[in-house]
Structure formats: C-alpha cells, structure tokens
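The chain contents come next:
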Amino acid sequence: MKIRTLAVLTTALALPLTLQPVAVLAQDSVVAQSQGTVGVPAEIGAIFPEIAASDLPFDTDYRVGRLDNGMRYIIRSNATPPEQGSVYFWVDFGSVSESDDEEGYAHFIEHMAFNGSENIPEGEMISLLEREGLAFGADTNASTSFDTTLYRLDLPRNDMDLLDTALMIMRETASNLTFDNEAVDREKGVVLSEQRVRDTFQLRNVVDSLGFGFPGSRISQRMPIGQIEDLQAATGDKLRDLYNRYYRPDNTAIIVVGDFDADAVEAAVREKFGDWRATPSAPAAVFGPVDPAYAGETRIYTDPALPEQITVARNGNYITPPDTDASRFDQLLRQVGYGIVNRRLQSLSREEDPPFRGASFGTNDFFREGRSTTLTVLAADGEWQRGLAAAQSEYRRALAYGFTQSEVAEQVATIRNAVETNAAGAATRNNATFVGGAVTLLRDGRVPTTPASTLERFNALASAITPEAVLAAVQREAIPLEDPLIRYSGPAAPDGGAEALRTAWNAGMAAELAANTNVEAPPFAYTDFGTPGQVVSDTVREDLGIREVRFANGLMLNLKPTTLQDDRVLVQLNIDGGQLLATRDNPLAVAMFSSLPSGGLGQHTFDELQSVLAGRQVAFNVGTSDDTFRWNAGTTPRDLELQLQLMTAAIQDAAFRPTAEAQYRRNITSFFRQYRATPGGALGSELGGIVSDNDPRFTLQPEDAYLALSFAKLREDVMDRWQNGAMELALVGDIDADAAVALVARTLGTLPQRETTFRDYADNIDRTFTAERQARTIYHGGAPNQALVQMMWPTRDDSDPVESLRFSMLQRVMRLELTDIVREELGQAYSPGAGSDLSQVYPGYGTFDISAEVDVSQVEPTREAMLRAITLLRAGPLDEDVLVRARQPLLEGLGNLLDSNAGWMTLVDRAQTEPDRIERYQTAADVVRAITPEDLHALALRYLDPAERLEFVVLPTPDEDAATGG
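Residues numbered from 1 in each chain as written. Predicted model: local features only at pLDDT ≥ 70, side-chain atom pairs only at ≥ 80, totals over all residues. Heavy atoms only, no water.

Under the annotation held in an unreviewed UniProt entry, the chain carries the name Peptidase M16 and is attributed to Aurantiacibacter luteus. Per its UniProt entry, the chain bears the Cofactor (unreviewed entry) comment "Zn(2+)". (UniProt positions renumbered as here; feature names shortened; annotations may be inferred.)

Here it is, written out as structure tokens:
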C-alpha cells in the first residue's frame, strides 16, 4: 500500500543516461490560448464548481454525475486494453486531517478496508478477488497520501458480474467497515511492520526537510505512515470515529474506466451507492501554514548514507489561477523556462570534470496554500561549494539575461512532439490515462480535455512562445532566492558549518555574470549508411502473424503489426554477449555497459545528441541481460527510421568518450556509502557471493575495482561482440511491415557481416549453489528495530516448460501461505515474499526463496512461522481453494498477455533464436489448468527440504558502527 509524499521535496535527482526527449506531461497538461472554446457545460460545472467558469473544452466522453447523497462518479468507456477495466474509490481525505492522537490512522483505515465489513468477513475480500483472477498488490491495492486515499481494483475481465463484485467491495469500503477490535489488533502488527520497513535514511531526510522548509505545517507533522505510539494505541472505536468523519458521500467519488457500457455502469453505481446516507461535513484539510516571510535560516542534516545535497529555497503565496486557457498557456511558458535552466544544469553535469552530479531549479505549489522556489544541487563528496557556485550562476544568468531562441526552440520541439504523439494515439489511450484524468479533476480541479483540442490550442499560439514571454512567465512565478533558506544534507557537516554555507551563497550572488550565447544544434550526422542490406529469407508464422526476416549480414528481424496502440512502436535489439562476457578473470567486463550512451557517438557528444534529437521520440537505452546486450525503445511510426539510425550509429561509431567517467565514479562512491543502509541492501550486497561460493562473476567486488573501470577498458571488453555478435531486432506495434523491413535494410541491414547465431559460451555457463548451508548472519546500518529473514533453496533451470509453470504456481501458493501465517496470523510482516528464479542460461541452476522483513524481536517467531509454512506445504496436498486463488490470477495474466504491445514483445523479441518460448506460451494456460495439488506437493517434497535451506538473518550492526552502514 503505497504512500504518496510531496513531490517537490521527495523527488530524487535522476541522472538518466538516456535520450528519450518526450516531455513528461499529462495528455491535457500543455495548452495554449485559442478563440471560440466551448468551455465546461453547465451540468458538469454544477457537479464540479471549481471548473464551472473555465473556458477549456471539457472532454464529454467522460460520463460524470452526482447522486442525491452528494457522491460523484466519473465513468469512461475505453477498450484499451480490450475486455478489461478499472474501478477506483477516491476519498478526499489523507493524513493531514488526523488529530494529534490519530497519526497514521488514515493509512490504518485503508488497511482495515481489507479486513472485514458488514457483508464480507475478515480475511475474505482478498480471497474473493483472487478467485476472480485479481492478484493482491498487482490488481488489488490502495494508497494513502497527505490529502487523498485511493482504492484500486484492476479487473481482468469486463463481465458485469465481476464489475458488480468490484462495486460491492467499494460500497463496503465506503461505509460498512466493521473495525472489529481483534481484527484491528491483528492488523496493527502489519501496519507497524510497514512503518518499520519505511523507516529509511531517505524518509528521515524527507521528514527533516519538510520540518525545515515548512515549520509548523501539518504535513511536516503528519507523515501518512504515522507514529508508533499512536498506531499501538489504535482501537476499533478510534478508527471508526475518524472513518465516519471523512468517509462521506459528498467527500468521495467512484471512478470506473474500461470496456464497459457507460449506461450499464451508471445504473450499477446508482444501485450500489444510492442508499448511502449523507452525514455532516468535517473541517477542510489545512496543509500549512506557509510563511512568505520565513527566510535566512540554515539547516545541516547528516546521515552517513546520504550524498551531499544543498537545497536553497524561498516560500511564497499561492498564486496559481483556476484552470483556463490563459493559465495553461502561462504554465506552458514556465515549463519551457524551467526546462531551459534545467537543461543548462544537465549540460554542466555531463562535462568531463562536472561541478556537480546533478542540479535542478523550479517552483512548485504547496497544495493550494503557497508555493516554493528551489535550487537543488547534488554534489560530489567534498565539492558542495563548487557545485553550489555553478548551479547558482546558471540560476542567476537565466533570470538576469533570459533565454536564447535555440534553447526555446529545443524545449518547444520536445513539447510539440509530446502533444502530437498524444493526439495521434488518442483513440487507443489506456485505462490508466483516463483514471489519471479523473483523479486530477477531483483533486486538483483540472479540466480533462481531448488530445486533439490540446494540439489545436498549442498550434494556435506556438509562435507566441518567445524568449521574452518565457522569461516574463518565470519571473512572475519564481520567488527570488534572496536571504534564502539553505539546507545541507550529507554524510558529515561541511567544513565551516552553517556560516560557510551562507557565506558561499552570498559570494555567489555577488559574482559577475555573462549572458549565454545562441548555439544552434547541428543536424543528425548519421542518415546514410550506404547500400541497403539484402533480405535472404522472409517467412510468417501464420498462427500468430509474426514475420521473421533474415538479412545477408546476419541480422534477424521479427515484426508484429498490431492495432492495440495507435502511433506507438516498441523496439528491442538483442546482441550476443551480455553478462556472459563477465568471467572469473574479468568479472566487471560489462559493469559500465549501461553508461555506453554517455560516451556519445563519433560525430555527437551525448549532451549534443539531446539537442540534435529534440522533438523526436527515440531512446538511447542499453543494458545487459544474462546473455545479450539489450536496447529497448518506444517510438512512433514517423520516428522509427531515426530510432534505427541511432541504433546503427551506436553500433558502428560508439565513441567511448571518457567524459562521463567522473560521474560514473561519483555514483559508485554514493552506492557504496548507502548499500548497507537497509536490510534488503545489506542482504543483496552479500547474497551473490555466499550463494556462489564467492564466484567473482556473481559477487559484489570491492569499491576500488569499480572505480578503476574506464571507457577504454569497456571498449576493449565489449567491442568485438557489440560489432560482430549475432543480432536480433524486434518491432511491435503500429507498423507497416513492408515499410519497416525497408527501413531496417537501410540501417542495421547495412552493417558489416555478423555472426548468424548466438554463442553458447560453454566455458562460462557453469553456476553452482553453495553446499555450505549453515545459517548466515548479515549486518545492516539502518534502523535498530529492522530485521530480515530469508530462506533459499537450489532448484533447477527453465528447460522443462511444465515444471517451470509448476514452480510459478508453487511461488504463488507459497506467497499466499506466507501471507496467511506470517502477516495475518502473526501480524508481523508487511509484505512477505516468495520467489522462483529458474535460469534460461545456466544449465541446472535455479533458486526458490521466501522472505519477510520483521522487527528484531520477532526474528525467531518469524523463522518458525516460515518453516511451518514450508512444512505444511510438504505435509500433504494443498487445499483446492488455495490452488484456485493462486491459479486464477496466473490464467488471467496469460489470457490478457497479448492485449498489449509489451505482452507481444515477450514473444517477438527472440522469435527466431528462441522459438520454443512461443510454443510454451501457446500451451501455458492448459498446463496451468492441469496442475494439481499433488503436483505442487511433489515439487515441494523434492526441492524444499527445510534441512537443505540456506538461511539468512539480517540484523542491525550491534555497535556504534551501525550508522556507517557497514
């Protein structure tokens, strides 16, 4: 159950090595002014008064209404994916509405929604949904934030009986929860477990940041996860009292999106919720206060796991106007302006000796009570002054001198591409898009508009997006960082303390500045690769319509045209090699491979590529699987050729510039500082070495070994496979197959002759599971009450399709049993887990594991409970109901796999080199239906012998070194 926090203060500074220049925008979030908009119809404005006066054209394909009791509903018929749907119950209520002795109760209520109501006995709701094919967590979940509680059911079928069940459950959640005291006590351990698991160095940093940035504010004192003392004191009566205050018809809404008839859905909603009686209103939530005069304060916060970060901020009044054409155009101008400043900061972070790891500048609303302008710098160790000075200069330069035409053009191109892409794919938007539109309408008063109208309005005033207009918009919103709040967080206090921070800022404000120069991006240099490659074979699998093509140079091409998403194409390229290039003598051969894009191309640096490719939807994302180098991309039919050109250029002319080596090493240093700061991190750092008897291929190496890596070494280790290894390309989506073959012929098909088969690496595919099965104790540097218990067994590889699916079922059954015993009976683990990993690469190798994160005092009871779950599984055939609850979600997942391009890609990506995966999928549902309790019993007897387990217990470091993480 996820908890949403204030984005501006909790979003990590990302340093992606990717070129995916698509704006991160809601489908209706960027618009310009236009003439003659129809506005919001009066009947809709009556239901949503906050948008009644808007001149934006409301997307009337949303069916909205309000019952006599005040509850609102939003319905949207949508057939992407086909024959599926989503039901959400939205409550305008979160943790800030709690009183002083109710901290964490909003989230606790959310938990209790799954633990008994007037018409659903305790423990039965999840089982009921599992029998219908909904997996707990994946399809059935809820979240609590500062201001909202949201319940979610993703339905694998669109039959009205299942919808009726979903609405019945949401109706029970609305007013019929029972809050039985015994049930509350049982769930209390689970809630406390979640509180314990979330008590990380990152969350503690956020809490301190909120307290410093907004002193005395409700959100700084009302983290959704709550306080241990209040959670321990929770009773059914206390929870019910808060529930009754805020779970009222007028404070909630039901959202139904999917492949349903809107009339039938509306009738069902009215039938289910019409008898819910209205109750008196409760006070509106207050999130602040936000004091614009609050200034000049400095805070130093230290934790050994944190990187050095400086945040400079000022708070101000809330000035965001209602959602209109004009306000959205002003928002667009600001987006361009902030985007330019952050693009400049990003360029600095990509220099050979960058002044910082990352930096960002922007202004965000503090709900509807204020706003905050922040400049944040993620510095290298000991370099906070240099990083702050560089970021401060760019902030000042932007507001003093504005922006160049080329900078504005780059941002506008990126936004235009996003708007045009959304318009082109409007008819096949997925359910999540419409749910998002409904939630932002309810929570933020944001008018849902169509992508077509968004594009029309954007085109009407795109020419008005000038450097002058952009600067003026940013200056209107951004609060001058004069006498600002300065917060430093890091492993240790900076030399000179708070005075040094303030002195550095003041010196930076007095430094001289020069304006930016206008630099035009060059054209993409890789468009002509010579004579197109020749096709030597071209066949089609008639059963699934997968086309398989081979080129004379050895390239294999697999294509699957679909109509599932208009204007969307998925691309995956696999090249022989991957992790199999890592040997005992050279275990870090591919450790830097995902950084390859940062070395750029021969004709373009990585940073230059971002400008060159602005406005185009392409991706420069590479990584490794066990046996291949893999490049995944999402593009459009009009940008498919450019995507293929980029791939060809990267194979033919990867530059391996050392520019990004400094950033790589800084990231390594940061990783090794914090990798043991949580129980999971500590276990992950040692697991591979213990299981493999310290085989260096699977063992975390010393920090110095990673710091010694270079792009020169990477080139030496991977270039042969990268340029000569077998290569298989897959294209899935909105493609013309013949045209796509021609594009591939002109790009990847022109490369020199390559190997035609993937190597078997016979001398490097041995992998063993340690025979030393004594229990291992590992220490972490996190909170002193956190512990983790994990048990692990060797199994087998993935070569037997029937046994592979039986292991999948066994994993699901084990998770259900662990949830019943460890979570529900003991009330100790928030999310006990079970996993099965059967290797497709290493013959004979596979693992099965179970785990739970618990309180230190509960390690022994948890171990006993886990062993009891294993013993029960081995004692005799399963209860048939447990088998059904495990099987139905798996069957629904198999049945819906090909309702998405991503699902198709799992079959198409290696269709020529691993055709057995297609046959396995085609028979999988029948195999799963045939699995019996006896089959799983036999599997557990064969592989899950308690005496043969490898057990790990992760405990807090027992001395003062705990805080160092290891």
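K.L.:
Hey, could you run me through the pattern of salt bridges in this one?
P.N.:
Between side chains of opposite charge, a pair can form as their charged atoms come close. Using the criterion set out here, one finds 79 salt bridges in the structure. Two residues, Arg 76 and Asp 59, come together in a salt bridge whose shortest N-O distance is 2.7 Å. Within this pair, whereas Arg 76 is found in strand S3 (residues 72–77), its partner Asp 59 is found in the loop between helix H2 (42–47) and strand S2 (63–66), the two being separated by 17 residues in sequence. Exposure remark for Arg 76: the relative accessible area of 6% places this residue in the buried category. Accessibility expressed as a relative area gives 2% for Asp 59, which makes it buried. Of the charged contacts in the structure, one is a salt bridge between Arg 673 and Asp 381, with a shortest N-O distance of 2.3 Å. Of this pair, Arg 673 sits in helix H21 (residues 661–674) while Asp 381 sits in the loop between strand S11 (370–379) and helix H13 (384–401), and the two are 292 residues apart along the sequence. Given the relative accessible area of 39%, Asp 381 is considered partly exposed. (Salt bridge = Lys/Arg side-chain N within 4 Å of Asp/Glu carboxyl O. Helix = DSSP H or I, 4+ residues; strand = E, 2+ residues; numbered from the N terminus. Buried < 20%, exposed > 50% of the residue type's maximum accessible area, 1.4 Å probe, protein only.)

K.L.:
It is not clear to me how the domain arrangement of the chain should be interpreted in this structure. Could you clarify?
P.N.:
A common measure of how large an interface is: the accessible area buried when the components associate. Taken as a whole, the chain is organised into domain 1 (54–274), domain 2 (298–426 + 450–510), domain 3 (535–750) and domain 4 (776–957). Using C-alpha coordinates to define each centre, domain 2 is positioned 31 Å away from domain 3. The interface of domain 2 with domain 3 comprises 30 residues on the first partner and 25 residues on the second. Taking both partners together, domain 2 and domain 3 bury about 2,100 Å²; carbon and sulfur atoms supply 41% of that area. When residues of domain 2 are sorted by the area they lose upon contact with domain 3, Arg 350, Arg 357 and Asn 417 head the list and together hold 27% of the total. The interface formed by domain 2 and domain 3 includes 18 residue pairs in polar contact (both at pLDDT 80 or more). Residue assignment for the side of domain 2 that touches domain 3 shows that the elements contributing at least two residues are helix H12 (325–349) and helix H14 (405–424). (Domains from an automatic or database assignment. Contact = heavy atoms within 4.5 Å. Buried area = accessible area lost by both parts, 1.4 Å probe. Polar contact = N/O pair within 3.5 Å; in protein donor to acceptor, adjacent residues only side chain to side chain.)

K.L.:
Help me understand the sheet that holds strand S16 (residues 569–576), please; the structure alone is not making it clear to me.
P.N.:
Note: strands within a sheet are paired through backbone hydrogen bonds, in either parallel or antiparallel orientation. The strand order across the open sheet built from seven strands is S13-S14-S15-S19-S16-S18-S17, with neighbouring strands paired in mixed fashion. This sheet does not close on itself; its edge strands, each paired only once, are strand S13 (535–541) and strand S17 (622–624). For this sheet, the mean inter-axis angle between neighbouring strands, taken without regard to orientation, is 20°. (Pairing = 2+ DSSP bridges. Axes fitted to C-alpha atoms, helices over the stretch in contact; angles between N-to-C directions.)

K.L.:
Got a minute to help me understand the layout of surface pockets in this structure?
P.N.:
If a probe as big as a water molecule is rolled over the atoms, it shows which places are left empty. In this model, the second largest pocket occupies a volume close to 1,000 Å³. As for the second largest pocket, its lining consists of 35 residues, of which Asp 798, Ser 804, Gln 840, Arg 917 and Arg 920 are closest to the centre. At the level of secondary structure, the elements contributing two or more residues to the lining of the second largest pocket comprise helix H26 (801–825), strand S22 (833–838), helix H28 (880–896), helix H29 (901–908) and helix H30 (916–930). Examining the composition of the lining of the second largest pocket, we find that seven residues originate from one element, H30, more than from any other. Both domains that furnish three or more residues to the lining of the second largest pocket are identified here as domain 3 (535–750) and domain 4 (776–957). (1 Å grid on protein atoms, 1.4 Å probe; cavity = no way out; pocket = protein on both sides within 12 Å on 5 of 7 lines; lining within 4 Å. Points joined across faces, edges and corners; volume = space filled by probe spheres on them.)

K.L.:
Sorry if this is basic, but what is going on with empty space enclosed by the protein here?
P.N.:
In total, this model carries two cavities of 30 Å³ or more according to the counting rule given. The volume enclosed by the largest cavity comes to roughly 60 Å³. Together, Ala 113, Phe 114, Met 125, Thr 140, Asn 141, Tyr 151, Arg 152, Leu 153, Ile 169, Met 170 and Thr 173 line the largest cavity. Those elements giving two or more residues to the lining of the largest cavity turn out to be strand S5 (140–145), strand S6 (149–155) and helix H5 (160–175). Considering only residue class, the lining of the largest cavity consists of seven nonpolar, three polar and one charged. Of the volumes computed, that of the second largest cavity is approximately 40 Å³. (Nonpolar A, V, L, I, M, F, W, Y, C, P; charged D, E, K, R; others polar.)

K.L.:
Teacher, can you tell me more about the UniProt feature "domain: Peptidase M16 N-terminal" (unreviewed entry) in the chain here?
P.N.:
In the UniProt entry, the feature "domain: Peptidase M16 N-terminal" (unreviewed entry) is given for residues 76–198. Helix and strand shares over residues 76–198 are 40% and 18% respectively, and the end C-alpha atoms of the span are 35 Å apart.

K.L.:
Sorry, what's going on with the nonpolar core here?
P.N.:
In summary, soluble globular proteins display a tendency toward joint burial of nonpolar side chains. Within the largest apolar cluster, 81 residues are counted, with the highest numbers of intra-cluster contacts made by Trp 631, Trp 722, Leu 729, Leu 731 and Leu 748. By residue number, the principal contributor to this core is helix H20 (residues 640–653), which donates eight residues. One finds Leu 544, Phe 848, Ala 852 and Val 859 within the second-largest nonpolar core, a separate group that totals 57 residues. (Core = buried A, V, L, I, M, F, W, Y, C linked by side-chain atoms within 4.5 Å.)

K.L.:
Teacher, can you tell me more about the packing of H12 against H13 here?
P.N.:
If you want to describe how two helices pack, look at the angle between their axes and the distance between the axes. With their axes 10 Å apart at the nearest point, H12 and H13 run at an angle of 150° to one another. Comparing the axis directions of H12 and H13 gives the class roughly antiparallel. The two elements H12 and H13 cross, and the hand of that crossing is right-handed. Every residue of H13 that contacts H12 at Val 341, Arg 344, Leu 345 and Leu 348 is listed here: Ala 390, Ala 391, Glu 394, Arg 397 and Ala 398. Split into classes, the residues belonging to the contact of H12 with H13 amount to six nonpolar, no polar and three charged. (Parallel < 35°, antiparallel > 145°, perpendicular 65-115°, else oblique. Left-handed = near helix turned anticlockwise from the far one by under 90°.)

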